[in-house]
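# Tertiary structure, described
Read off the chains here:
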Amino acid sequence: PLALLYACMTSPLLFALRTPPTKYLKVAQIGCGLAWAGAAIEAIADAQKFLQKRRDYAQKAGGTFTGPMGGLYASCRHPNYFGEVLFWFGLFVAGLPSFGSQIIPYAAGGLGLWGIYGIMSGATKRLDGKQKEKYGGQPVYDAWRARTGGLFPKFFAGGDAGRVFYDV
């Protein structure tokens, strides 16, 4: 099942390699840009989380929320998962000009995209539940959770009014 998911996720690339786009090249370029942005977001989010955990590990008591709340984590609780979804969405968009009128590329690519979204949204819900159980009731965690989105960034949550800013 996992191999089939990866085959579907990478199918837009395979179709693009088989039939490079000659029309709608801008769509392919936008898709590549989205994929690069997703990869960068994922890498930066992972680095921010690693550095924050490393810095706070010795300073905080056990059971105290120590996750990053600044940088990419200022508007999204799981920007690394968001980056992963954006990466695969970008690859799907990049492959669109090569799909032509065949149904197979749309179906395979769509299934792959749906599969990775399902995995990432499930992981988000699981981790949110664990964090809420462990850190719920702590003012810093509760305020951060209230002002951020889960899988997708919460950019337009009332502007800066009532927003708490933290150092990265």
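Remember, predicted model here, so these are calculated numbers, not experimental data.

Glancing now at the overall build of the chain. For the chain, the helix and strand inventory stands at 5 helices and 0 strands. Moving toward the C terminus, one meets the helices and strands of the chain in the order α-α-α-α-α. Per-residue burial over the chain gives 39% buried out of 168 residues. The contacts in the chain between residues at least 6 apart in sequence include a share of 79% that link residues at least 24 apart. Carbon and sulfur atoms make up 68% of the accessible area of the chain, which totals about 9900 Å².

On to the nonpolar core, then. Counting 13 residues, the largest nonpolar core has M9, W88, L113, I116 and M120 as the members making the most contacts within it. If you list the elements that add at least two residues to this core, you get α1 (2–18), α3 (79–99) and α4 (103–135). Broken down by element, the residue count for this core peaks at 5 residues, all from α3. With residues near it in sequence (within four places) discarded, I116 still touches L5, M9, E84 and W88. Within the second largest apolar cluster, 7 residues are counted, among which are A45, Y73, Y135 and W144.

The next thing to look at is the side chain of S11. Looking at the secondary structure, you find S11 in helix α1. Discounting residues that sit within four places of it in the chain, S11 has contacts with A108 and G109.

Given a rise of 1.5 Å per residue, 33 residues ought to cover 48 Å, and the 47 Å separating the end C-alpha atoms of α4 matches this to within 8%. Positive backbone phi, approximately 100°, marks G137, located one or two places after α4.

Where nonpolar side chains cluster on the molecular surface, the patch consists of I103, I104 and Y106 and spans about 320 Å² of accessible area. Tracing the sequence through the fold places I104 in helix α4. Taking the relative accessible area as the measure of exposure, I104 reaches 54% and is therefore exposed.

The next thing to look at is unusual backbone geometry. For Y24, which is not a glycine, the phi torsion comes out positive at approximately 60°. Relative to the helices and strands, Y24 is located in the loop between α1 and α2 (25–56). Exposure remark for Y24: the relative accessible area of 56% places this residue in the exposed category.

Per the counting criterion, the structure on display carries 11 aromatic pairs. Chaining the aromatic ring pairs together yields one cluster made of F15, F92, F99 and Y106.

The next subject is the confidence of the model for the chain. For the chain, per-residue confidence averages 88 on the pLDDT scale, and 89% of positions sit at 70 or higher. Segment residues 156–168 is flagged for pLDDT under 50; beyond a separation of four residues in sequence, or across chains, it makes 15 contacts in the model.

So, on to the packing of α4 against helix α5 (residues 139–147). Close contact between α4 and α5 brings their axes to 10 Å; oriented N to C, the two are set at 150°. Taken together, the axes of α4 and α5 lie roughly antiparallel to each other. Handedness of the crossing formed by α4 with α5: left-handed. Across from D128, Q131, K132 and Y135 in α4, the residues of α5 making contact are Y141, D142, W144 and R145. Grouping the amino acids of the contact of α4 with α5 by side-chain chemistry returns 3 nonpolar, 1 polar and 4 charged.

Before going further, it helps to spend a moment on the environment of L51. Relative to the assigned elements, L51 resides in helix α2. In sequence terms L51 and G67 are 16 residues apart; their C-alpha atoms lie 9.8 Å from each other.

Quick notes on the rules
- Residues numbered from 1 in each chain as written.
- Predicted model: local features only at pLDDT ≥ 70, side-chain atom pairs only at ≥ 80, totals over all residues.
- Heavy atoms only, no water.
- Helix = DSSP H or I, 4+ residues; strand = E, 2+ residues; numbered from the N terminus.
- Buried < 20%, exposed > 50% of the residue type's maximum accessible area, 1.4 Å probe, protein only.
- Contact = heavy atoms within 4.5 Å.
- Areas by Shrake-Rupley, 256 points an atom, 1.4 Å probe, with all protein chains shown as cover.
- Core = buried A, V, L, I, M, F, W, Y, C linked by side-chain atoms within 4.5 Å.
- Expected span 1.5 Å × (residues − 1).
- Patch = residues over 30% accessible without salt bridge, like charges linked within 9 Å, V, L, I, M, F, W, Y side chains within 5 Å.
- Salt bridge = Lys/Arg side-chain N within 4 Å of Asp/Glu carboxyl O.
- Phe/Tyr/Trp six-rings, centres within 6.5 Å; stacked < 30°, edge-to-face > 60°.
- pLDDT = per-residue confidence, 0-100.
- Axes fitted to C-alpha atoms, helices over the stretch in contact; angles between N-to-C directions.
- Parallel < 35°, antiparallel > 145°, perpendicular 65-115°, else oblique.
- Left-handed = near helix turned anticlockwise from the far one by under 90°.
- Nonpolar A, V, L, I, M, F, W, Y, C, P; charged D, E, K, R; others polar.

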